[in-house]
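Listed below, chain by chain, are the residues.
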Amino acid sequence: MQHLGTQRLETDRLILRRFCPEDAQAMYENWASDGEVTRFMTWPTHASPAVSRMVLEDWAAHYAQDDYYQWAIVWKETNQPIGSISVVGCDERAQRAHIGYCIGRRWWHMGVTSEALREVIRFLFAEVGMLRVDAMHDARNPHSGGVMRKCGMRYEGTLRQFAWSNAGIGDMCWYGILAAEWQA
C-alpha cells in the first residue's frame, strides 16, 4: 500500500479536489447548513459560514499528510463544491479504508454521490493499493445504501444501536468491497 494523499480526481460530471477555506460559503449554502442533509451526520448543522470556514481550515491543515483523504465534490457545471467524500477511518495493517460522504439536497437522486464514490474506490484500489473499502449508513437512510450498492459494495450486516447521529442512536448497515471483487 502506498499512500498518496488527497489527489485531484475527475469523472464525467465531477472534480474531486482538496478543499480550501474559500469554499466555506459554498459548503455552508450547498449542504452544511441544511438540517435535512445533516440529519444522519455525526457533526452539527453549521450555524454560519464562519463555522464552515473553521472546519475547512482544519481539513486544509491535514493535507500535508500522505494518509489524509478529504475531497470536495465539485459540480463541473458550476465549479462549486456540492458535497464531500473522505476516508474517515483507515486500518493500515488490514489495508482497509472506511468511507464517509455527504451531498447537498439539490443533487440527491442524480447519481452524483455514486459517481464520486465509484471514483474514490477506484483510486483507493488501483493507486493506493487498499485491499478493502467499506462504508456504513444509518438504517433510517436507505438511499445511502443504494449509493453503496451501485458502486459494487455488498451488504454485510446491520449493527444494532451502533452509532449516534443528529437523528439519535441508530442501527448501522455495513457494506464493503474487496480489491479482488472490484478488479473482476
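Here, the structure is the one placed above.
So, a few notes on the structure that sits alongside this text. All of these numbers come straight from a predicted model, not from anything done at the bench. (Residues numbered from 1 in each chain as written. Predicted model: local features only at pLDDT ≥ 70, side-chain atom pairs only at ≥ 80, totals over all residues. Heavy atoms only, no water.)

## Some words on the pattern of salt bridges
Using the criterion set out here, one finds 13 salt bridges in the structure. Two residues, R17 and D23, come together in a salt bridge whose shortest N-O distance is 2.8 Å. One salt bridge connects R96 with D134, and the closest N-O pair in it is separated by 2.9 Å. Placement of the pair is R96 in strand β5 (residues 96–103) and D134 in strand β6 (residues 132–138), with a sequence separation of 38 residues. The exposure class assigned to D134 is buried, which follows from its relative accessible area of 1%. (Salt bridge = Lys/Arg side-chain N within 4 Å of Asp/Glu carboxyl O. Helix = DSSP H or I, 4+ residues; strand = E, 2+ residues; numbered from the N terminus. Buried < 20%, exposed > 50% of the residue type's maximum accessible area, 1.4 Å probe, protein only.)

## Considerations on helix α1 (residues 24–32)
Along α1, the residues classified as buried are A24, A26, M27, N30, W31 and A32. The arc that holds the buried residues of α1, viewed along the axis, is 155 degrees, so those residues lie on one side. Along its buried surface, α1 packs onto α2 (49–62), β4 (80–91) and β5. (Arc of directions from axis to C-beta. Contact = heavy atoms within 4.5 Å.)

## Brief notes about the nonpolar core
Membership of the largest hydrophobic core comes to 35 residues, with the highest contact counts inside it found for I73, I85, I99, L117, L124 and M153. Contributions of two or more residues to this core are made by β2 (14–17), β3 (70–75), β4, β5, α3 (112–128), β6, α4 (142–150) and β8 (168–178). Per element, the largest residue contribution to this core is nine residues, and it comes from α3. If we ignore the near neighbours within four places in the chain, the residues touching I99 are I85, S86, V87, V88, L117, V120, L124, V133, D134 and A135. Counting 15 residues, the second largest nonpolar core, distinct from the first, contains I15, W31, Y63 and C102. (Core = buried A, V, L, I, M, F, W, Y, C linked by side-chain atoms within 4.5 Å.)

## A few points about unusual backbone geometry
The backbone of Q95 sits at a positive phi, close to 55 degrees, despite the residue not being glycine. Within the secondary structure layout, Q95 lies in the loop between β4 and β5. In this structure Q95 comes out as partly exposed when scored by relative accessible area, which is 23%.

## Side note on the sheet that holds strand β7 (residues 154–165)
If you walk across this open sheet you meet the eight strands as β1-β2-β3-β4-β5-β6-β8-β7, and the pairing is mixed. The open sheet is flanked by β1 (9–10) and β7, the only strands paired with a single partner. Two strands pair when backbone bridges link them, and β6 and β8 are joined in this way by seven bridges, in the antiparallel orientation. Bridging across to β8, D138 finds its partner in M172. α3 rests against β1, β2, β3, β4, β5, β6 and β8 of the sheet, and its axis sits at about 160 degrees to β5. (Pairing = 2+ DSSP bridges. Axes fitted to C-alpha atoms, helices over the stretch in contact; angles between N-to-C directions.)

## Observations concerning α3
For α3, with 17 residues, the first-to-last C-alpha span of 23 Å sits near the 24 Å given by 1.5 Å per residue. Counting buried positions along α3 gives 13 out of 17 residues, so the element sits mostly inside the fold. Looking one or two residues beyond α3, the residue adopting positive phi is G129, at roughly 90 degrees. (Expected span 1.5 Å × (residues − 1).)

## Examining the packing of α1 against α2
Put simply, α1 and α2 touch, their axes get as near as 8 Å, and they point 115 degrees apart. When the axis of α1 is compared with that of α2, the two are roughly perpendicular. Where α1 crosses over α2, the two elements pack in a sense that is right-handed. Contacts from A24, Q25, M27, Y28 and A32 of α1 reach α2 at P49, S52, R53, V55, L56 and W59. A per-class count over the contact of α1 with α2 returns eight nonpolar, two polar and one charged. (Parallel < 35°, antiparallel > 145°, perpendicular 65-115°, else oblique. Left-handed = near helix turned anticlockwise from the far one by under 90°. Nonpolar A, V, L, I, M, F, W, Y, C, P; charged D, E, K, R; others polar.)

## Considerations on the environment of R18
In this structure, R18 sits in the loop between β2 and α1. For the pair formed by R18 and W71, sequence separation is 53 residues and the distance between their alpha carbons is 5.1 Å. Not counting residues within four places of it along the chain, the set of residues in contact with R18 comprises T6, D23, Y63 and Q70. There is a polar contact of 3.0 Å between the side chain of R18 and the backbone oxygen of T6. From its side chain, R18 meets the backbone oxygen of Y63 in a polar contact 3.4 Å long. (Polar contact = N/O pair within 3.5 Å; in protein donor to acceptor, adjacent residues only side chain to side chain.)

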